[in-house]
Amino acid sequence: MECNWQQHLTNPETQKPHRHSQVQSRANGLDEGCLTLTIAGAVPDFADRLSALGSARFTQLRPGQSQVLSAYAAEHLETSDLAIEMATGEGKTLLALLIADYTLDQGRSVAYLAGTRQLAERVKAEAEQLGLEVALFASKSYGGTSLDDYNQGHLVGVMNYWVYFNSSPVPEPADLVIFDDAHLAEQPLSAMQTFRIPDDSGDARTLYRTICGFVIAHTPSYPGLHAMQDGTARP
């Protein structure tokens, strides 16, 4: 899981309404009248935040989860790009969702990206069991008002990489982008940066071989281009 946090400053006089006030009441798991404070600049206690969500499934952090979240809270709240690596089954998704919940409380928007729609659906189900507000976005399915709520930082937008990374994305860029299994983002990202020219007869072949020659003239890093240019490269 890789978290890419893009920081921004907000003018207090024009700050958009948020899903939580600065002082908020969370009844689940708390005595009536108890308040949870969300104060800009304060170090979050993720164990307390998990308890306040009142999830029946997620009742406490494992030692490894607690260690990672404590280090994140103490040292990386302002880190712009951060990778969190843990063994399979150690609960990385819960870490990401707790960080997402904290980010929403700071007035920022959050996108949670997964490799496939099925994985995105699994994340959505886990987030709902946690008690987190989420919406699943897919091609041509953006849930009406859910898209506005995501854009305004009221809930987490969960989607696969292709929904977020394409030539005409519908969800707006988020302040925090969470990559679940970051290596799976390579295909949609490379596809956006790839220009394909068929080696067909006519103008296409002329352009194809001209570009090969241009690259050959400027770098020795691609020796195979010589065979591609003269047509002797194997398929």
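Details of the structure are given in the entry above.
Residues numbered from 1 in each chain as written. Predicted model: local features only at pLDDT ≥ 70, side-chain atom pairs only at ≥ 80, totals over all residues. Heavy atoms only, no water.

S.K.: Which residues make up the overall build of the protein chain, and what are the values?
M.R.: A count of helical and extended segments in the protein chain gives 9 helices and 8 strands. When burial is assessed residue by residue, the protein chain has 40% of its 235 residues classed as buried. Here the protein chain has roughly 13,700 Å² of accessible surface; of this, 51% comes from carbon and sulfur atoms. (Helix = DSSP H or I, 4+ residues; strand = E, 2+ residues; numbered from the N terminus. Buried < 20%, exposed > 50% of the residue type's maximum accessible area, 1.4 Å probe, protein only. Areas by Shrake-Rupley, 256 points an atom, 1.4 Å probe, with all protein chains shown as cover.)

S.K.: An account of the pairing of strand 5 (residues 110–114) is requested, with residue identities and associated values reported.
M.R.: For strand 5, a buried count of 5 out of 5 residues is recorded, marking the element as mostly surrounded by other parts of the structure. Here strand 5 pairs with strand 7 (residues 156–160) via 5 bridges, running parallel. Across the sheet, Tyr 112 pairs through a bridge with Val 158, a residue of strand 7. Where strand 5 and strand 8 (residues 176–179) come together, 4 bridges link them in parallel fashion. Note that in strand 8 the partner of Tyr 112 across the bridge is Ile 178. (Pairing = 2+ DSSP bridges.)

S.K.: Can you lay out unusual backbone geometry for me, pointing to particular residues and giving the numbers?
M.R.: Positive phi values are uncommon outside glycine, yet Lys 140 reaches one of about 65°. Relative to the helices and strands, Lys 140 resides in the loop between strand 6 (134–136) and helix 5 (145–151).

S.K.: Would you mind going over the pattern of salt bridges in detail, with residue names and values included?
M.R.: Counted according to the given criterion, the structure contains 4 salt bridges. Of the charged contacts, one joins Arg 49 and Asp 105 as a salt bridge, the two residues approaching to 2.6 Å between their closest N and O atoms. In this pair, Arg 49 is assigned in helix 1 (residues 46–53) and Asp 105 in helix 3 (residues 92–105), connecting sequence segments 56 residues apart. Considered together, Arg 49 and Asp 105 belong to a single accessibility category, that of buried residues. Among the salt bridges present, the one from Glu 128 reaches Lys 124, with a minimum N-O distance of 2.5 Å. Linking Glu 128 with Lys 124, this pair stays in helix 4 (residues 117–130), spanning 4 residues, or about one helical turn. (Salt bridge = Lys/Arg side-chain N within 4 Å of Asp/Glu carboxyl O.)

S.K.: Break down a nonpolar patch on the surface for me, with residues and values.
M.R.: A contiguous nonpolar patch, built from Phe 195, Leu 207 and Ile 211 and spanning about 300 Å² of accessible area, is present on the exposed surface. With respect to the helices and strands, Ile 211 occurs in helix 8 (residues 203–218). (Patch = residues over 30% accessible without salt bridge, like charges linked within 9 Å, V, L, I, M, F, W, Y side chains within 5 Å.)

S.K.: Can you lay out the packing of helix 2 (residues 63–75) against helix 3 for me, pointing to particular residues and giving the numbers?
M.R.: Two numbers describe how helix 2 lies on helix 3: the axes approach to 10 Å, and their chain directions differ by 35°. Handedness of the helix 2/helix 3 crossing: right-handed. Contact residues: Gln 65, Val 68, Leu 69 and Tyr 72 in helix 2; Leu 94, Leu 95, Leu 98 and Ile 99 in helix 3. Taken together, the residues that form the contact of helix 2 with helix 3 break down as 7 nonpolar, 1 polar and no charged. (Axes fitted to C-alpha atoms, helices over the stretch in contact; angles between N-to-C directions. Left-handed = near helix turned anticlockwise from the far one by under 90°. Contact = heavy atoms within 4.5 Å. Nonpolar A, V, L, I, M, F, W, Y, C, P; charged D, E, K, R; others polar.)

Geometric values such as these leave the question of function open.
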